[in-house]
Amino acid sequence: VPASRHSIGIGLLGLGVVGSGVARILDEKAAVYASRVGVPLVIRRVLVRDIEKERAFAPDRSLLTTDPEAVFGDPEIDVIVEVMGGEHPAYAYIQRAVETGRYVVTANKEVMAKHGPDLLGLAQQKGVDILYEASVGGGIPVISPLKRDLLANSVSAIAAIINGTTNYILTRMARDGMGYSEALRQAQDLGYAESDPTNDVEGFDAAYKLAILASLGFHTLVHPDQVYREGITAITDRDFRYAGELGYVIKLLALARREPDGLRIRVHPALVHDEEPIAKVDGVFNAIQLEGDLLGRVLFQGRGAGSLPTTSAVVADLIDVAIGLVRGWRDRLNWVREGQATVAPMESLRTRYYMRLTLADQPGVLARIASVLGDHSISLASVIQKEADESAQTAEIVIMTHVATEAGLSKALAELRTLEAVVGVGNCIRVETTV
Ligand code: NAP
Ligand code: HSE
């Protein structure tokens with residue numbers, strides 16, 4: 001240990017769900033970490049918005065500040081831990097940290113997905129690094145395995161559940177019949193949701209995470225805007241019930257695959273057969289399945305959100321940086337980019353579909369539906385009549401299709417909507433397999 005280093009100084013940006021977990025664990029496990037690193041890890045400053053706010057855990061009050069200059073101007077700070085969230089001002093703060101020669105540990109998937117390549121390039125120029133294990137899958141180690149342990153493989157596919165909030169909501173709605181708003185409120189109370197939960201329920205958070213995983217796994221640059229995205233807000237209790245009767249669960253899947261016309265990369269709800277391993281990943285748990293040419297499939301699973309699981313990943317990155325600083329290591333394995341892949345258009349996707357339609361309860365209607373679908377090369381695997389509303393003279397049917405193209409499906413749905421006999425298209429959800 002160089003005599004000049006008596007401690008590693010930390011500037012903590014944010015003291016919310018994750019930040020207070022990090023502060024608490026650095027305090028509780030100070031002696032363990034000092035022994036692992038060789039010197040103590042010491043929080044020197046904590047940036048917050050409101051010093052008076054009550055917190056789950058707070059270090060010495062004198063460390064709290066609302067002035068970023070108090071953090072960046074402190075020469076004893078070696079590492080900035082960014083756990084504020086959001087794109088701005090977090091992006092500028094990470095940039096500032098790197099420009100002033102600080103290492104950065106961040107849990108911010110939005111900043112890393114949108115600006116990771118620029119920030120990592122800048123860090124390389126400045127001889128420092130940015131570590132972001134907590135940005136995907138909460139406490140699950142997946143960034144580090146992609147950067148290191150899987151480097152001998154060519155990754156061909158990623159299939160994942162990477163948003164704890166939506167997985168918690170979907171599980172509570174399907175298992176316990178809980179309403180959407182109540183399930184979301186619980187996910188917020190448990191500290192899983194983003195400060196604006198639209199990011200979770202509309203699939204933005206999962207799209208950021210998938211862009212990060214795909215960039216690392218496929219050694220290319222995937223911007224989150226290139227990820228096809230749908231959220232979970234259109235799913236109803238009927239969809240859960242009918243899916244269950246057919247032997248499926250509904251999950252918000254994040255899927256990426258190398259295909260002949262480019263990378264197919266998407267986040268959307270999907271019916272998954274209830275016997276598949278990923279179908280059993282419930283509540284706040286996340287799972288990331290990667291497919292490598294040498295290893296085959298590997299599944300990482302664990303708590304994908306929450307204070308201490310996320311703290312586990314943040315503090316591990318911090319210890320990694322601290323050990324490097326103490327021992328004078330400069331280089332570590334990082335994202336290796338090998339070119340720019342094209343993204344396959346959604347229209348060429350081939351998959352199966354679940355469709356819930358409300359139809360006029362008249363003879364011959366089903367034949368007309370089948371004929372429209374057939375015109376677009378969509379063949380039916382099963383059709384089940386669910387509920388009939390005698391007063392409205394309508395019936396609800398659930399159709400499961402064989403494999404069809406997304407382009408054919410979109411055209412068929414547009415045509416179905418024009419038919420007088422089609423009172424409503426309740427929902428249309430892709431049916432996926434991950435095995
Ligand atoms: P949070 O509970 O909302 O905490 C955010 C903290 O940042 C608060 O302490 C807040 O200060 C501070 N902050 C926000 N904007 C600020 C600004 N402009 N200036 C100064 N301080 C500011 O958020 P979180 O759940 O801990 O999440 C933090 C990050 O970790 C996000 O990027 C999130 O995506 C990521 N993450 C979260 C989880 C999780 O389970 N929660 C898991 C993995 C990754 P005040 O307290 O004074 O308002
Ligand atoms: N809001 C995120 C989630 C936090 O629910 O998965 C973990 O990244």
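As the structure is a prediction and not an experimental result, all values here were calculated from the model.

Undergrad: How should I be thinking about the nonpolar core in this particular structure?
TA: One recurring pattern in soluble globular proteins: nonpolar side chains tend to sit buried together. Formed by 112 residues in total, the largest nonpolar core has its most connected members in Leu41 and Ile158. It is helix α12 (residues 307-327) that contributes the most residues to this core, 10 residues altogether. If we skip the residues at most four places from it in the chain, Leu41 touches Ile8, Ile10, Leu26, Tyr33, Leu318, Ile319 and Ala322. Val365, Val372, Ile399 and Leu416 belong to the second largest nonpolar core, which has 23 residues in total.

Undergrad: Would you take a moment to explain the site of ligand 1 for this structure?
TA: Residues in close proximity to ligand 1 total 24 residues, the closest being Leu15, Lys53, Arg55, Glu194 and Gly306. Interatomic distance of 3.1 Å between a backbone N/O atom of Gly16 and an oxygen atom of ligand 1. Between an oxygen atom of ligand 1 and a main-chain N or O atom of Val17, the distance comes to 2.9 Å. Considered on its own, ligand 1 offers 900 Å² of accessible surface; in the complex 88% of this is hidden by protein.

Undergrad: I keep staring at the packing of helix α2 (residues 30-37) against α12 and nothing clicks. Help me out?
TA: Relative placement of two packed helices is described by the angle separating their axes and the distance separating the axes. For the pair α2 and α12, interaxial distance at closest approach is 9 Å and the crossing angle is 40 degrees. Judged on the interaxial angle alone, α12 and α2 are oblique. As for the relative orientation of α2 and α12, their crossing is right-handed in sense. Mapping the contact onto sequence places Tyr33, Arg36 and Val37 in α2 and Val315, Ile319, Ala322, Ile323, Val326 and Arg327 in α12. Residue composition of the contact of α2 with α12, by class: seven nonpolar, no polar and two charged.

Undergrad: How do you make sense of a nonpolar patch on the surface when you look at a structure like this?
TA: On the surface, a cluster of nonpolar side chains totalling about 230 Å² of accessible area is made up of Leu151, Leu333 and Val336. For Leu333, the location among the structural elements is in the loop between α12 and β13 (350-360).

Undergrad: Whenever I open this one, the environment of Val111 confuses me. Can you help?
TA: Note that Val111 resides in helix α5 (residues 109-126). With relative accessibility at 0%, the residue Val111 sits in the buried group. Taking the C-alpha atoms as reference, Val111 lies 9.7 Å from Ala92; in sequence the two are 19 residues apart. Contact partners of Val111, with chain neighbours within four places excluded, come to Gly86, Glu87, Ala90, Tyr91, Ile94, Gly116 and Leu119.

Undergrad: Help me understand helix α14 (residues 406-418), please; the structure alone is not making it clear to me.
TA: In an α-helix, one full turn covers 3.6 residues, which means residues spaced three or four apart are oriented alike. Counted at 1.5 Å a residue, the expected span for α14 with its 13 residues is 18 Å, and the 19 Å between its end C-alpha atoms agrees. Close packing links the buried residues of α14 with β13, α13 (365-375), β16 (404-405) and β17 (422-432).

Undergrad: I tried to follow the site of ligand 2 on my own but got confused; where do I start?
TA: Every residue lining ligand 2 is accounted for by Lys109, Asn163, Gly164, Thr165, Tyr192, Ala193, Glu194, Asp200, Asp205, Lys209, Gly304 and Ala305. Between Asp200 and ligand 2, the recorded distance is 2.7 Å, taken from a side-chain N or O atom to a nitrogen atom. Its free accessible area being 260 Å², ligand 2 has 93% of it covered by the protein chains. Of the residues assigned to the shell around ligand 2, the class counts are three nonpolar, four polar and five charged.

Undergrad: Would you take a moment to explain the pairing of strand β4 (residues 79-82) for this structure?
TA: The side chains of a regular strand alternate, first on one face of the sheet and then on the other. Side chains Val79 and Val81 of β4 all project onto a buried face; the interleaved residues Ile80 and Glu82 project onto the opposite face, where all are buried too. Crossover handedness for the path β4 to helix α4 (residues 90-99) to strand β5 (residues 103-106): right-handed.

Undergrad: What should I look at first to understand the sheet that holds strand β6 (residues 130-131) in this one?
TA: To summarise the sheet geometry, strands pair through backbone hydrogen bonds and adopt either a parallel or an antiparallel arrangement. Here we have six strands laid out as an open sheet, ordered β3-β2-β1-β4-β5-β6, and parallel in their pairing. Lying at the two open borders of the sheet, with one neighbouring strand each, are β3 (64-65) and β6. Across six bridges, the pairing between strand β1 (residues 8-13) and strand β2 (residues 41-47) is parallel. By the bridge assignment, Ile10 is partnered in β2 with Ile43.

Undergrad: Which parts of the structure should I look at to understand unusual backbone geometry?
TA: What you tend to see is this: most non-glycine residues have negative phi, and most peptide bonds are trans. Put simply, His88 and Pro89 share a cis peptide bond, and its omega is 5 degrees. Looking at the secondary structure, you find Pro89 in the loop between β4 and α4. Even without being glycine, His219 reaches a positive phi, approximately 55 degrees. In this structure, Ser377 takes a positive phi of about 60 degrees despite not being glycine. Looking at the secondary structure, you find Ser377 in the loop between α13 and β14 (380-389).

Scoring rules and cut-offs
- Residues numbered from 1 in each chain as written.
- Chains lettered and ligands numbered in written order.
- Predicted model: local features only at pLDDT ≥ 70, side-chain atom pairs only at ≥ 80, totals over all residues.
- Heavy atoms only, no water.
- Core = buried A, V, L, I, M, F, W, Y, C linked by side-chain atoms within 4.5 Å.
- Buried < 20%, exposed > 50% of the residue type's maximum accessible area, 1.4 Å probe, protein only.
- Helix = DSSP H or I, 4+ residues; strand = E, 2+ residues; numbered from the N terminus.
- Contact = heavy atoms within 4.5 Å.
- Near = heavy atom within 4 Å.
- Polar contact = N/O pair within 3.5 Å; in protein donor to acceptor, adjacent residues only side chain to side chain.
- Areas by Shrake-Rupley, 256 points an atom, 1.4 Å probe, with all protein chains shown as cover.
- Axes fitted to C-alpha atoms, helices over the stretch in contact; angles between N-to-C directions.
- Parallel < 35°, antiparallel > 145°, perpendicular 65-115°, else oblique.
- Left-handed = near helix turned anticlockwise from the far one by under 90°.
- Nonpolar A, V, L, I, M, F, W, Y, C, P; charged D, E, K, R; others polar.
- Patch = residues over 30% accessible without salt bridge, like charges linked within 9 Å, V, L, I, M, F, W, Y side chains within 5 Å.
- Salt bridge = Lys/Arg side-chain N within 4 Å of Asp/Glu carboxyl O.
- Expected span 1.5 Å × (residues − 1).
- Right-handed = clockwise from strand over helix to strand, strands pointing away.
- Pairing = 2+ DSSP bridges.

Coordinates in, geometry out; function isn't part of it.
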